[in-house]
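Residue-level listing of the chains:
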Amino acid sequence: MRLTGLLVLILALVSSGCAASHAPVVEYDAGGARSGGTMSTRPARITRGAHQVTRGDTLFSIAWRYGWDYRELAAANGISAPYTIHPGQRIHLDRRVPQTTASAPSRPASPPPAARPTTPAATPSPTPTPAPPARSPSATSTPSGTGAVTWRWPANGQLISGFSAAGQRGIAIAGREGDPVLAAADGVVVYRGNGLTGYGNLLIVKHNDRWLSAYAHNHDMLVREGERVRIGQRIATMGATGTFRTQLHFEIRRDGQPVDPANLLPKRS
């Protein structure tokens, strides 16, 4: 019995050692970040499931979260300009527009008027009060067109992390808390909030129908959703929200896909 128990203990230790040697499974949340709030890899576009709108969401922020072009996401869900969405609404990510109508069941023919029973008039039900819409800047107030955009650096600090199509989806610029964050091009703010995991306090600016930029980890956000901004305008102050150090995480997307800002920003002297 003593020898048998010893063998069982040795086998248990070996098994636990083998299990510990396996790489841990890392799951990514809907915001594209590992637990802990660091920016990391995720698929270019999520095409499964659905997102339930919460207060503060805009179609632009949902599209950003899941790697979609906002126009394609709107079309896939039958949402037309000005892209108004409501808390509780489900935004489908599988490219199929949800069916909202079904064929009505066949009904028997109505009896002749003389045989039709009389029924008291139905009391009309009260009109339900619609849920307040999530913040969604009017499409008519945002820039249109698909032309080139003139860019500038959004901060003056040192570049501490570059773009990688398979990893970092933007660049990181170092600085001190309170340093200015500047609009990288003319545009309109289409999202202001902290609902995307790993980004902290985030601003998204639409420059035209193809181009958007994002400014993450801000300490203070100095512009409102729907506000038009000019290139070089101070729109936020640098901070460390959603990350481990003071920095600006900056992204540019064309047609919903991340592009390397270094290829678009002017060369630094």
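Anything mentioned here points back to the structure above.
As the structure is a prediction and not an experimental result, all values here were calculated from the model.

> Looking at this structure, how should I read the overall build of the protein chain?
Across its full length, the protein chain holds three helices and 12 strands. Taken across its 269 residues, the protein chain has 39% of its residues classed as buried. Taking the intrachain contacts of the protein chain between residues at least 6 apart in sequence as the baseline, contacts between residues at least 24 apart amount to 64%. About 15,300 Å² of surface is accessible on the protein chain, with carbon and sulfur atoms providing 55% of the total.

> Would you explain unusual backbone geometry in this entry?
With glycine set apart, most residues show a phi of negative sign, and most peptide bonds adopt trans. Between Ala81 and Pro82 the backbone carries a cis peptide bond, its omega angle lying at 10°. Locating Pro82 in the fold gives a position in the loop between helix 3 (70-76) and strand 2 (90-92). Phi at Tyr83 is positive, roughly 60°, even though this residue is not glycine. If you trace the backbone, Tyr83 turns up in the loop between helix 3 and strand 2. Positive phi, close to 70°, is recorded for His217, a residue that is not glycine. What makes His217 buried here is its relative accessible area of 1%.

> Help me understand helix 2 (residues 59-66) in this model?
Residues spaced three or four apart along an α-helix face the same direction, because each turn holds 3.6 residues. Extensive coverage of helix 2 is indicated by the burial of eight of its eight residues. Every buried residue of helix 2 is listed here: Leu59, Phe60, Ser61, Ile62, Ala63, Trp64, Arg65 and Tyr66. Taken from the residues just after helix 2, Gly67 is the one with a positive phi, measuring 75°.

> When you look at the pairing of strand 4 (residues 171-174) in this model, what are you seeing that I'm missing?
Remark: a regular strand shows side chains that alternate across the two faces of the sheet. Along strand 4, one buried face is formed by Ile171 and Ile173 and the opposite face, lined by Ala172 and Ala174, is buried too. When strand 3 (residues 159-161) meets strand 4, the two strands line up antiparallel, connected through two bridges. Looking across to strand 4, one finds that Leu159 is bridged to Ile173. Bridge analysis of strand 4 against strand 11 (residues 247-254) gives four bridges, and the strand direction is antiparallel. Bridging across to strand 11, Ala174 finds its partner in Gln247.

> Sorry if this is basic, but what is going on with empty space enclosed by the protein here?
Any empty space left between the atoms is revealed when a probe the size of a water molecule rolls over them. On inspection of all chains with the given rule, the structure shows two cavities of 30 Å³ or more. If you add up the space inside the largest cavity, you get close to 70 Å³. Phe60, Ala63, Trp64, Trp68, Tyr70, Leu212, Arg253 and Gly256 are the residues that line the largest cavity. With three residues, the single largest contributor to the lining of the largest cavity is helix 2. Class assignment of the residues belonging to the lining of the largest cavity gives a composition of six nonpolar, one polar and one charged. Built from parts of two domains, the lining of the largest cavity gets at least three residues from each of domain 1 (50-92) and domain 2 (159-263).

What counts and what doesn't
- Residues numbered from 1 in each chain as written.
- Predicted model: local features only at pLDDT ≥ 70, side-chain atom pairs only at ≥ 80, totals over all residues.
- Heavy atoms only, no water.
- Helix = DSSP H or I, 4+ residues; strand = E, 2+ residues; numbered from the N terminus.
- Buried < 20%, exposed > 50% of the residue type's maximum accessible area, 1.4 Å probe, protein only.
- Contact = heavy atoms within 4.5 Å.
- Areas by Shrake-Rupley, 256 points an atom, 1.4 Å probe, with all protein chains shown as cover.
- Pairing = 2+ DSSP bridges.
- 1 Å grid on protein atoms, 1.4 Å probe; cavity = no way out; pocket = protein on both sides within 12 Å on 5 of 7 lines; lining within 4 Å.
- Points joined across faces, edges and corners; volume = space filled by probe spheres on them.
- Nonpolar A, V, L, I, M, F, W, Y, C, P; charged D, E, K, R; others polar.
- Domains from an automatic or database assignment.

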